[in-house]
Amino acid sequence: MRKDRSLPYVAPNYITTDGGPYWCSFVVFAPWRTYVNYNDLRFIERYYDAMKQWMEYVDKYTVNGLLERWPDTEYRSWYLGDWLAPAGVDSGNEFSIDLVNNCCISECLGTLQKIATVLRKPEEAKEFAERKAALNRHIHERFYNPEEGIYATGSHLDMSYPMLVGAVPGSIYKNVKEKMIGLSQAHYNNHIAVGLVGVPVLTEWAIQNKETDFMYTMLKQPDYPGYLYMLNNGATTTWEYWNGERSRIHNCYNGIGSWFYQAVGGIRPDEDHPGYQHIYIEPQIPQGVIWAKTTKETPYGTVTVNWELAKNQQDMYVSLPAGVQASVAISEKAMGCTVNRKKQRLKEKSCF
């Protein structure tokens, strides 16, 4: 962290680099996600003050309730929203950039509320919650176009991020969701239309909203842009650009991985019981998929969820290591099937 409480975009910061608030938000998200996955308080305790100091820097460039572009420095250039989105997506649009970055700050405030709660700072948690609610109102008022029913440019990221952070009023949420899916078909021909920032955001939105077919349809596209396009062109690792320019071993689009084990496999962590002490198991079944075998390593050992649809029956096998409890739910797509539940080492509080 610099003396003015700003953060660089990458580390080590020995050259001028490009990025934006989403890059800096690592100081908030990484410690929290470490806590959720490992039940390790040390990072959120150690860096909580640094998180608040960075938010003070954000406040310095907040005008009328919304973050505006902060200045370039000798160690930082550009000011990005999404990055490396495919051709045809206007991720460089300033309206989109401002929307994405304010949604990022909203997500930071929501995470800080959780961190303050865990650290037993209820007054600070309340303050973060109030700040997030106020920012979400400003996001909706500034970036929503009621005539077109879209936020900013109407891209995947511009539509999913406001929904993910709670900036979309409940009265229009369904309409916004349907609009995004419709635009995905009409404008992007059911292809993925996000970049480095958008992949994890869109993935998390799809998991939370159980929009399994929406995501699966995009993943099945064999041509540009998409993951199968990489595979069909010899990729063994993910690329830096959807079209294969420059680096062909990069981490730009790896956020999609969580969809496979959290949505299809159905294994999701419980933030109220960190470190996988308790988990949710609820497979989301894409149209045309009839089986999945999923494992997830946890601090307690390996969680296994295998399911199969056959002859009007769903077979589900769940294996939990000692010390882990689970709440298991059956997918709506399996409701018409006879469910054969196989369980191994499940705690008494596990629910079916």
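Keep in mind that what you see is a predicted model, and the values were worked out from it rather than measured. (Residues numbered from 1 in each chain as written. Predicted model: local features only at pLDDT ≥ 70, side-chain atom pairs only at ≥ 80, totals over all residues. Heavy atoms only, no water.)

Novice: Break down the overall build of the protein chain for me, with residues and values.
Specialist: Across its full length, the protein chain carries 11 helices and 13 strands. On C-alpha atoms alone, the protein chain measures out to a radius of gyration of 21 Å, which is about the 20 Å that the 2.2 N^0.38 rule sets for 352 residues. With the C-alpha coordinates aligned to their principal axes, the bounding extent of the protein chain is approximately 60 × 50 × 45 Å. Taking the intrachain contacts of the protein chain between residues at least 6 apart in sequence as the baseline, contacts between residues at least 24 apart amount to 63%. Carbon and sulfur atoms provide 48% of the accessible area of the protein chain, an area that totals close to 17100 Å². Of the charged side chains in the protein chain, 36 are positive and 39 negative; the average position of the first set lies 7 Å away from that of the second. (Helix = DSSP H or I, 4+ residues; strand = E, 2+ residues; numbered from the N terminus. Rg over C-alpha atoms; globule rule 2.2 N^0.38 Å. Contact = heavy atoms within 4.5 Å. Areas by Shrake-Rupley, 256 points an atom, 1.4 Å probe, with all protein chains shown as cover. Lys, Arg positive; Asp, Glu negative; His and termini not counted. Charge placed at Lys NZ, Arg CZ, Asp CG, Glu CD.)

Novice: Quick rundown of the sheet that holds strand β8 (residues 278–281)? Include the residues and the values.
Specialist: The strand order across the open sheet built from three strands is β7-β8-β12, with neighbouring strands paired in mixed fashion. Two strands close off the open sheet at either side, each with one partner strand: β7 (267–269) and β12 (325–328). Adjacent strand axes in the sheet meet at a mean angle of 30 degrees when their direction is disregarded. Here four bridges tie β8 to β12, and the two strands are oriented parallel to one another. Along β12, the bridge assignment pairs Tyr280 with Ser327. (Pairing = 2+ DSSP bridges. Axes fitted to C-alpha atoms, helices over the stretch in contact; angles between N-to-C directions.)

Novice: Could you give an account of the side chain of His156, naming the residues involved and the relevant values?
Specialist: Structurally, His156 can be placed in helix α6 (residues 156–165). You can call His156 buried: its relative accessible area is 1%. From its side chain, His156 meets the backbone nitrogen of Ala193 in a polar contact 3.2 Å long. Not counting chain neighbours up to four residues away, the residues in contact with His156 comprise Met180, Ser184, Tyr188, His191, Ile192, Ala193, Val194, Leu202, Phe214 and Met218. (Buried < 20%, exposed > 50% of the residue type's maximum accessible area, 1.4 Å probe, protein only. Polar contact = N/O pair within 3.5 Å; in protein donor to acceptor, adjacent residues only side chain to side chain.)

Novice: Break down the packing of helix α2 (residues 26–38) against helix α4 (residues 94–118) for me, citing the residues and quoting the values.
Specialist: Two quantities define a packed helix pair, namely the angle between the helix axes and the distance between the axes. Contact pair α2 / α4: the axes reach a minimum separation of 10 Å and the direction vectors enclose 45 degrees. Of the possible angle classes, the one that applies to α2 and α4 is oblique. For α2 against α4, the interelement crossing comes out left-handed. Facing Val28, Phe29, Trp32, Arg33 and Tyr35 of α2, the residues of α4 in contact are Cys104, Glu107, Cys108, Thr111, Leu112, Lys114, Ile115 and Val118. (Parallel < 35°, antiparallel > 145°, perpendicular 65-115°, else oblique. Left-handed = near helix turned anticlockwise from the far one by under 90°.)

Novice: Lay out the environment of Val289 with the relevant residues and their values.
Specialist: You can see Val289 is positioned in the loop between β8 and β9 (291–298). Sequence-wise, Val289 and Val264 are 25 residues apart; in three dimensions their C-alpha atoms are separated by 9.2 Å. Discounting residues that sit within four places of it in the chain, Val289 has contacts with Tyr216, Trp307 and Leu309.

Novice: Any details on the layout of surface pockets? Residues and values, ideally.
Specialist: Quantified by volume, the second largest pocket comes out at close to 390 Å³. As for the second largest pocket, its lining consists of 22 residues, of which Leu219, Tyr227, Leu231, Ile256 and Phe260 are closest to the centre. Mapped by element, the contributors of at least two residues to the lining of the second largest pocket are α9 (212–219), α10 (227–232) and α11 (257–264). With five residues, the single largest contributor to the lining of the second largest pocket is α11. (1 Å grid on protein atoms, 1.4 Å probe; cavity = no way out; pocket = protein on both sides within 12 Å on 5 of 7 lines; lining within 4 Å. Points joined across faces, edges and corners; volume = space filled by probe spheres on them.)

Novice: Go over the packing of aromatic side chains, please, and point to the residues and values.
Specialist: Considering all chains together, one arrives at 15 aromatic pairs under this definition. Plain terms: the ring middles of Tyr57 and Trp70 are 5.4 Å apart, the flat faces sit at 55 degrees to each other, and that makes the pair tilted. Remark: Trp70 occurs in the loop between β3 (66–67) and β4 (76–77) and Tyr57 occurs in helix α3 (residues 42–60); sequence separation between them is 13 residues. Each of the two residues, Tyr57 as well as Trp70, counts as buried. For the pair Tyr229 and Trp239, a centre-to-centre distance of 6.1 Å together with 85 degrees between the ring planes defines the contact as edge-to-face. Residue Tyr229 is found in helix α10, and its partner Trp239 is found in the loop between α10 and α11; the two are separated by 10 residues along the sequence. (Phe/Tyr/Trp six-rings, centres within 6.5 Å; stacked < 30°, edge-to-face > 60°.)

Novice: Tell me about the state of the cysteines, residues and numbers included.
Specialist: Applying the stated criterion across every chain yields a total of zero disulfides. In this structure Cys24 is not part of a disulfide, and its nearest cysteine sulfur, from Cys104, lies 8.5 Å away. Assessed through its relative accessible area of 2%, Cys24 is described here as buried. Cysteine Cys108 is unpaired, with the sulfur of Cys104 as its nearest cysteine sulfur at 4.4 Å. (Disulfide = S-S within 2.5 Å.)

Novice: Lay out the pattern of salt bridges in plain terms, naming residues and giving numbers.
Specialist: Under the criterion given, the structure shown has 12 salt bridges. Here Glu124 ties to Lys52 by a salt bridge, and the two come within 3.2 Å at their closest N and O atoms. Here Lys52 lies in helix α3 and Glu124 lies in helix α5 (residues 122–143), a separation of 72 residues in the sequence. The partner of Asp72 in a salt bridge is Arg69, with the nearest N and O atoms 3.2 Å apart. On the accessibility criterion, Asp72 (44% relative accessible area) is partly exposed. In this structure, a network of salt bridges that share partners links the residues Asp49, Lys52 and Glu124. (Salt bridge = Lys/Arg side-chain N within 4 Å of Asp/Glu carboxyl O.)

This is a description of form; function is not addressed.
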